[in-house]
Amino acid sequence: MSTQVDLCGSWKLARSENFEEYLKGLGVGLAMRKAATLLTPACKVKLEDDEFTIEMQIPFNTHVQKFKLGEPFEDISPNGAKRNVKASFQDAKLIFNDVEETDVPHIITREIIDGEMVMTCAIGDVVCKRIYKRCS
(Lines give C-alpha, C1' and ligand atoms only; values in the text may rest on other atoms or scores of the structure.)
Protein backbone atom coordinates (compact mmCIF):
# COMPACT_ATOMS: atom_id res chain seq x y z
CA MET A 1 0.00 0.00 0.00
CA SER A 2 1.42 3.38 -0.99
CA THR A 3 1.85 6.31 1.36
CA GLN A 4 1.71 10.05 0.87
CA VAL A 5 5.49 10.13 0.44
CA ASP A 6 5.32 7.65 -2.47
CA LEU A 7 3.56 10.30 -4.56
CA CYS A 8 6.43 12.75 -4.05
CA GLY A 9 8.88 13.29 -6.89
CA SER A 10 8.91 14.22 -10.54
CA TRP A 11 6.58 12.59 -13.05
CA LYS A 12 5.98 12.79 -16.81
CA LEU A 13 2.73 11.91 -18.56
CA ALA A 14 3.09 8.57 -20.38
CA ARG A 15 -0.46 8.02 -21.64
CA SER A 16 -4.09 9.04 -21.22
CA GLU A 17 -7.43 7.32 -21.48
CA ASN A 18 -10.62 9.28 -22.30
CA PHE A 19 -8.98 12.67 -21.62
CA GLU A 20 -10.80 14.55 -24.40
CA GLU A 21 -14.19 13.31 -23.18
CA TYR A 22 -13.32 14.46 -19.63
CA LEU A 23 -12.43 17.93 -20.95
CA LYS A 24 -15.67 17.97 -22.94
CA GLY A 25 -17.56 17.12 -19.74
CA LEU A 26 -15.96 20.15 -18.10
CA GLY A 27 -17.13 22.38 -20.94
CA VAL A 28 -13.72 22.96 -22.52
CA GLY A 29 -14.04 24.11 -26.14
CA LEU A 30 -13.06 21.96 -29.13
CA ALA A 31 -9.83 23.79 -30.06
CA MET A 32 -8.53 23.77 -26.48
CA ARG A 33 -9.46 20.07 -26.06
CA LYS A 34 -7.56 19.12 -29.21
CA ALA A 35 -4.50 21.13 -28.13
CA ALA A 36 -4.59 19.70 -24.60
CA THR A 37 -4.57 16.11 -25.86
CA LEU A 38 -1.25 16.79 -27.63
CA LEU A 39 0.53 18.00 -24.48
CA THR A 40 2.64 15.80 -22.20
CA PRO A 41 2.73 17.60 -18.86
CA ALA A 42 5.31 17.10 -16.16
CA CYS A 43 4.18 16.91 -12.55
CA LYS A 44 6.16 17.58 -9.38
CA VAL A 45 4.74 16.52 -6.04
CA LYS A 46 6.31 17.77 -2.81
CA LEU A 47 5.37 17.26 0.82
CA GLU A 48 6.99 19.59 3.35
CA ASP A 49 5.85 19.21 6.94
CA ASP A 50 2.11 18.79 6.38
CA GLU A 51 1.74 20.89 3.21
CA PHE A 52 1.57 19.43 -0.28
CA THR A 53 2.65 21.30 -3.40
CA ILE A 54 1.69 19.88 -6.78
CA GLU A 55 3.03 21.61 -9.89
CA MET A 56 1.60 20.63 -13.26
CA GLN A 57 3.90 21.99 -15.96
CA ILE A 58 2.79 22.31 -19.56
CA PRO A 59 4.54 24.35 -22.26
CA PHE A 60 2.50 27.53 -21.78
CA ASN A 61 1.51 27.32 -18.12
CA THR A 62 2.34 25.93 -14.69
CA HIS A 63 -0.60 25.13 -12.44
CA VAL A 64 0.33 25.06 -8.73
CA GLN A 65 -1.76 23.59 -5.94
CA LYS A 66 -0.65 24.20 -2.32
CA PHE A 67 -2.76 22.60 0.36
CA LYS A 68 -2.99 20.73 3.63
CA LEU A 69 -5.09 17.61 3.90
CA GLY A 70 -8.59 18.30 5.17
CA GLU A 71 -8.39 22.08 4.61
CA PRO A 72 -10.33 23.75 1.77
CA PHE A 73 -8.35 25.61 -0.88
CA GLU A 74 -9.14 27.38 -4.15
CA ASP A 75 -8.24 25.53 -7.33
CA ILE A 76 -8.77 26.13 -11.04
CA SER A 77 -10.30 23.46 -13.28
CA PRO A 78 -9.01 22.83 -16.82
CA ASN A 79 -11.94 24.93 -18.08
CA GLY A 80 -10.68 27.92 -16.06
CA ALA A 81 -13.44 27.79 -13.44
CA LYS A 82 -12.45 28.43 -9.83
CA ARG A 83 -13.60 25.86 -7.32
CA ASN A 84 -13.10 25.18 -3.64
CA VAL A 85 -11.74 21.70 -3.03
CA LYS A 86 -10.57 19.64 -0.12
CA ALA A 87 -7.95 16.90 -0.31
CA SER A 88 -7.84 13.74 1.77
CA PHE A 89 -5.67 10.62 1.79
CA GLN A 90 -7.72 7.42 1.96
CA ASP A 91 -7.00 3.85 0.89
CA ALA A 92 -3.57 4.90 -0.48
CA LYS A 93 -5.16 7.58 -2.71
CA LEU A 94 -4.88 11.36 -2.66
CA ILE A 95 -8.47 12.44 -3.32
CA PHE A 96 -9.75 15.90 -4.31
CA ASN A 97 -13.45 16.64 -3.83
CA ASP A 98 -15.47 19.82 -4.25
CA VAL A 99 -16.24 21.48 -0.91
CA GLU A 100 -19.74 22.50 -2.01
CA GLU A 101 -22.05 19.90 -3.46
CA THR A 102 -22.63 20.33 -7.17
CA ASP A 103 -25.09 18.85 -9.64
CA VAL A 104 -22.20 17.09 -11.37
CA PRO A 105 -19.52 15.80 -8.98
CA HIS A 106 -15.90 16.48 -9.95
CA ILE A 107 -13.40 14.15 -8.26
CA ILE A 108 -9.67 13.73 -8.90
CA THR A 109 -7.54 11.01 -7.35
CA ARG A 110 -3.84 10.22 -7.51
CA GLU A 111 -2.42 6.85 -6.54
CA ILE A 112 0.58 4.66 -7.23
CA ILE A 113 -0.12 1.49 -9.23
CA ASP A 114 2.81 -0.69 -10.36
CA GLY A 115 5.25 2.20 -9.88
CA GLU A 116 3.21 4.65 -11.95
CA MET A 117 1.19 7.59 -10.68
CA VAL A 118 -2.36 7.15 -11.92
CA MET A 119 -4.47 10.29 -11.91
CA THR A 120 -8.16 9.51 -12.28
CA CYS A 121 -10.38 12.46 -13.20
CA ALA A 122 -14.16 12.11 -13.04
CA ILE A 123 -16.78 14.65 -13.97
CA GLY A 124 -20.18 13.06 -13.43
CA ASP A 125 -20.05 9.65 -15.10
CA VAL A 126 -17.16 10.56 -17.46
CA VAL A 127 -13.90 9.07 -16.19
CA CYS A 128 -10.41 9.71 -17.53
CA LYS A 129 -7.07 8.24 -16.50
CA ARG A 130 -3.73 10.03 -16.87
CA ILE A 131 -0.78 7.72 -16.24
CA TYR A 132 2.57 9.26 -15.25
CA LYS A 133 6.00 7.62 -15.14
CA ARG A 134 8.54 8.67 -12.53
CA CYS A 135 11.43 10.75 -13.88
CA SER A 136 14.91 9.56 -12.94
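Summary of the structure given here. (Residues numbered from 1 in each chain as written. Predicted model: local features only at pLDDT ≥ 70, side-chain atom pairs only at ≥ 80, totals over all residues. Heavy atoms only, no water.)

## Considering the overall build of the chain
Turning to step 1, where the next piece is worked out: When helices and strands are tallied, the chain shows two helices and 10 strands.
Turning to step 2, where the next piece is worked out: Helices (α) and strands (β) of the chain occur, in sequence order from the N terminus, as β-α-α-β-β-β-β-β-β-β-β-β.
Turning to step 3, where the next piece is worked out: For 136 residues, the compact-globule formula gives about 14 Å, and the C-alpha radius of gyration of the chain, at 14 Å, lands near that figure.
Turning to step 4, where the next piece is worked out: Along the three orthogonal principal directions, the C-alpha set of the chain runs to about 40 × 35 × 25 Å.
Turning to step 5, where the next piece is worked out: For the chain, the share of sequence-separated contacts (at least 6 apart) that also reach a separation of at least 24 residues comes to 41%.
Turning to step 6, where the next piece is worked out: As presented, the chain carries roughly 7,800 Å² of accessible surface, and 51% of it is formed by carbon and sulfur atoms.
Turning to step 7, where the next piece is worked out: Side-chain charges in the chain split into 18 positive and 21 negative, and the spacing between the mean points of these groups amounts to 7 Å. (Helix = DSSP H or I, 4+ residues; strand = E, 2+ residues; numbered from the N terminus. Rg over C-alpha atoms; globule rule 2.2 N^0.38 Å. Contact = heavy atoms within 4.5 Å. Areas by Shrake-Rupley, 256 points an atom, 1.4 Å probe, with all protein chains shown as cover. Lys, Arg positive; Asp, Glu negative; His and termini not counted. Charge placed at Lys NZ, Arg CZ, Asp CG, Glu CD.)

## Notes on the sheet that holds strand 2 (residues 42–48)
Turning to step 1, where the next piece is worked out: The strand order across the open sheet formed by 10 strands is 4-3-2-1-10-9-8-7-6-5, and the pairing between neighbours is antiparallel. Every other strand in the sheet has two partners, leaving strand 4 (61–68) and strand 5 (73–76) as the edge strands with one partner each. Pairwise comparison of adjacent strand axes, ignoring direction, gives a mean angle of 30° for this sheet.
Turning to step 2, where the next piece is worked out: As defined by bridge partners, strand 9 (residues 116–123) adjoins strand 10 (residues 126–134) across seven bridges and the pair is classed as antiparallel. Residue pairing for strand 10: Thr120 is matched across the bridge by Lys129. (Pairing = 2+ DSSP bridges. Axes fitted to C-alpha atoms, helices over the stretch in contact; angles between N-to-C directions.)

## Comments concerning the side chain of Ser77
Turning to step 1, where the next piece is worked out: Mapping Ser77 onto the fold places it in the loop between strand 5 and strand 6 (82–90).
Turning to step 2, where the next piece is worked out: Discounting chain neighbours no more than four positions away, the residues touching Ser77 are Arg83 and His106.

## A closer look at helix 1 (residues 19–26)
Turning to step 1, where the next piece is worked out: When helix 1 is considered as a whole, its buried residues turn out to be Phe19, Tyr22, Leu23 and Leu26. Down the axis of helix 1, the smallest arc covering the buried residues is 95°, so these residues share one side.
Turning to step 2, where the next piece is worked out: Close packing links the buried residues of helix 1 with strand 1 (9–17), helix 2 (30–38), strand 8 (106–113), strand 9 and strand 10.
Turning to step 3, where the next piece is worked out: Following helix 1 by one or two positions, Gly27 has its phi on the positive side, about 90°. (Buried < 20%, exposed > 50% of the residue type's maximum accessible area, 1.4 Å probe, protein only. Arc of directions from axis to C-beta.)

Take it as geometry only, folks, not as evidence of what the structure does.
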